[in-house]
Amino acid sequence: MEKLHVKVPAVEAGGYDILIGGGILTDSVIAEFVADRRVMLVSDENVERAGILDGIKVPSGCEKFIISPAGELSKNISTVTAVIEKMEAAAMGRDSVIVGIGGGTVGDMAGFAAAIYKRGIAVLHIPTTTVSQADSSIGGKTGVDSTMSKNAYGCFWQPRGVIIDVRTLKTLDERQYRSGLVESLKHALIRDAEYFEFLETNVANLLIRDEPTLIRLAAYNCRIKAAVVEQDPTEKNLRRILNYGHTIGHAVETLCDYTLYHGECVAIGIVAASMIEQRIGIGTRERTNRIVDVLLALSQPVRIPAQCSIDGIIDIIRRDKKSVGAVPRLALIEQIGKACCKDSQWAHPVSTDIVQEVIAELREVGLE
Ligand code: GLY
């Protein structure tokens with residue numbers, strides 16, 4: 001078992017620990033984090049159906065909330081209200097802890113409920129998907145969607161700890177498992193060339209979900225994400241690099257009505273970013289090809305679906321949180337493992353013409 005300490009200004013003074021291993025999801029490991037606090041366990045029907053909760057004894061006095069249906073449809077303020085009112089009905093105090101077990105939507109809701117219950121209580125994240133283990137469980141982003149947009153309600157609320165048991169990834173279906181690995185590729189591209197080479201040479205081990213490989217993958221991800229979040233916990237500047245591939249990716253995700261998975265859209269967004277880098281003189285075709293090779297080996301899409309119009313994408317990215325004066329700002333890399341920083345900024349204005357050209361090329365020809 002590997003233990004990392006994250007020094008993010010956190011609920012607990014001095015930061016929190018992330019435990020990484022295979023088969024570590026035991027009562028005694030969870031007890032290390034929750035001690036004698038009362039627990040509200042928040043999970044969803046997919047995690048329950050996969051049997052991940054079976055091995056976890058819920059001590060007496062603890063409550064359980066299973067989100068149904070699982071996924072984005074339930075990621076709204078009503079679900080959070082229901083969690084909070086269940087805690088209130090059970091007379092749970094400020095010394096309680098919410099334990100969120102599941103993917104990104106469970107973590108976002110568990111974290112948000114913890115952040116607002118009685119002005120804030122502890123939360124322990126136990127991520128069970130490739131996306132949440134690589135990305136969303138670390139760094140304290142929490143929130144739920146409004147009827148109009150994703151994460152309209154939300155805040156930063158750092159957890160008390162994170163337990164990453166890579167064995168839980170064996171319960172995922174192939175598409176969910178593979179698409180979530182794109183967040184790992186993103187980390188490698190923005191921060192660590194050696195990690196990128198690790199991914200290039202270990203695709204086969206990743207595809208068979210080899211446990212030692214997954215433990216190394218998790219350790220790379222956590223170190224990279226923690227280092228970024230420690231420096232910029234509330235995304236004032238540097239943390240924007242974690243949005244690499246997400247600006248165009250999110251637009252595709254919205255325009256496809258979520259028929260493509262988040263990671264699949266980020267894959268498309270990463271290719272688009274790489275083509276933009278070529279056009280503005282900080283990237284090469286050879287670099288784009290190396291990235292595309294990894295994405296194709298993970299069976300990820302590298303073409304923008306026809307249903308996403310150029311105007312539709314441009315309209316959404318103009319309204320992206322990083323845009324200034326409706327000019328899109330994108331996280332970019334200047335080489336594999338090195339995000340681009342110019343004038344002390346980590347997100348860069350890109351002319352709409354260049355973005356349009358790249359989207360048109362990726363819609364018409366793609367790079368497969
Ligand atoms: N998922 C990007 C971030 O946590 O900032």
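Every value quoted in this text rests on a predicted model; they were computed, and no experiment measured them.

The rules behind each value
- Residue numbers restart at each chain and count upward from 1, following the sequence in its written direction.
- pLDDT decides what is reported in this predicted model: residues at 70 or higher carry local features, side-chain atom pairs at 80 or more are listed and counted, and totals for whole chains, interfaces and linings draw on all residues regardless.
- The side-chain values count all of the structure's non-hydrogen atoms but skip hydrogen atoms and water molecules.
- Near is defined per residue: the residue qualifies when any heavy atom it owns lies within 4 Å of the molecule or strand.
- Identification of polar contacts relies on pairs of N or O atoms within 3.5 Å, with a donor-acceptor requirement for protein atoms, meaning one able to donate a hydrogen and the other able to accept it, and with residues adjacent in sequence counted only if both atoms are side-chain atoms.
- Classification convention: Asp, Glu, Lys, Arg as charged; Ala, Val, Leu, Ile, Met, Phe, Trp, Tyr, Cys, Pro as nonpolar; all other residues, Gly among them, as polar.
- Numbering of helices and strands runs from the N terminus; a helix is a DSSP stretch of H or I covering at least four residues, while a strand is a stretch of E covering at least two.
- We call two residues contacting when some pair of their heavy atoms lies within 4.5 Å.
- Per-residue accessibility, obtained with a 1.4 Å probe over protein chains only, is compared with the maximum for each type, and a residue is labelled buried under 20%, exposed over 50%, and partly exposed between these values.
- To obtain an axis, a line is fitted to C-alpha atoms, over the contacting stretch when the element is a helix, and the angle between two such axes runs from 0 to 180 degrees between their N-to-C directions.
- Should an angle fall under 35 degrees it is taken as roughly parallel, and over 145 as roughly antiparallel, whereas 65 to 115 is taken as roughly perpendicular and any remaining angle as oblique.
- Less than a right angle of anticlockwise turn of the near helix away from the far helix marks a crossing as left-handed, whereas a clockwise turn marks it as right-handed.
- We call a set of buried Ala, Val, Leu, Ile, Met, Phe, Trp, Tyr and Cys residues a nonpolar core when their side-chain atoms join them within 4.5 Å.

A. How the structure looks around the site of the ligand. Close contacts around the ligand come from Asp-135, Lys-141, Lys-225, Glu-235, Arg-239 and Leu-242, and that covers them all. Lys-141 has a polar side-chain atom sitting 2.9 Å from an oxygen atom of the ligand. Between Arg-239 and the ligand, the recorded distance is 2.7 Å, taken from a side-chain N or O atom to an oxygen atom. Residues that form the shell around the ligand fall into these classes: one nonpolar, no polar and five charged.

B. Structural context of the environment of Gly-71. Its location among the elements puts Gly-71 in the loop between β4 (63-67) and α3 (77-89). Separated by 101 residues in sequence, Gly-71 and Leu-172 place their C-alpha atoms 14 Å apart. Residues in contact with Gly-71, not counting those within four places in the same chain, are Asp-44 and Thr-105.

C. Representation of unusual backbone geometry. Between Ser-68 and Pro-69 the backbone carries a cis peptide bond, its omega angle lying at -5 degrees. Here Asp-257, not a glycine, exhibits a phi torsion of approximately 55 degrees, which is positive. Residue placement: Asp-257 occurs in the loop between α10 (246-255) and α11 (262-279). Here Asp-257 falls in the exposed class, since its relative accessible area comes to 61%. In this structure, Ser-344 is a non-glycine residue whose phi angle is positive, near 65 degrees. Counting through the fold element by element, Ser-344 comes out in the loop between β12 (338-339) and β13 (348-349). Look at Ser-344 and you get exposed, because its relative accessible area is 55%.

D. Spatial organisation of the side chain of Lys-225. Structurally, the position occupied by Lys-225 is in helix α9 (residues 211-231). Ignoring anything within four residues of it in the chain, the contact list for Lys-225 reads Ala-134, Asp-135, Ile-138, His-187, Arg-239 and Leu-242.

E. Examining the packing of helix α7 (residues 182-191) against α9 more closely. With their axes 10 Å apart at the nearest point, α7 and α9 run at an angle of 55 degrees to one another. Here α7 lies oblique to α9, going by the angle between them. Crossing of α7 against α9: the hand is left-handed. Taken together, the residues of α9 that come into contact with α7 (itself represented by Ser-184, His-187 and Arg-191) are Leu-217, Asn-221, Ile-224, Lys-225, Ala-227, Val-228 and Gln-231. By residue class, the composition of the contact of α7 with α9 is four nonpolar, four polar and two charged.

F. Here's a closer look at the nonpolar core. Ile-18, Leu-185, Leu-189, Ile-248, Val-252, Ile-276 and Ile-313 are the most contacted members of the largest nonpolar core, which totals 76 residues. Take this core: its biggest share by element is ten residues, from α11. Every residue in contact with Leu-189, bar those within four places of it in the chain, is listed here: Phe-196, Tyr-244, Ile-270, Ile-291, Ile-333, Gln-335, Ile-336, Gly-337 and Lys-338. Met-40, Phe-112, Ala-114 and Ile-121 belong to the second-largest nonpolar core, a separate cluster that totals 23 residues.

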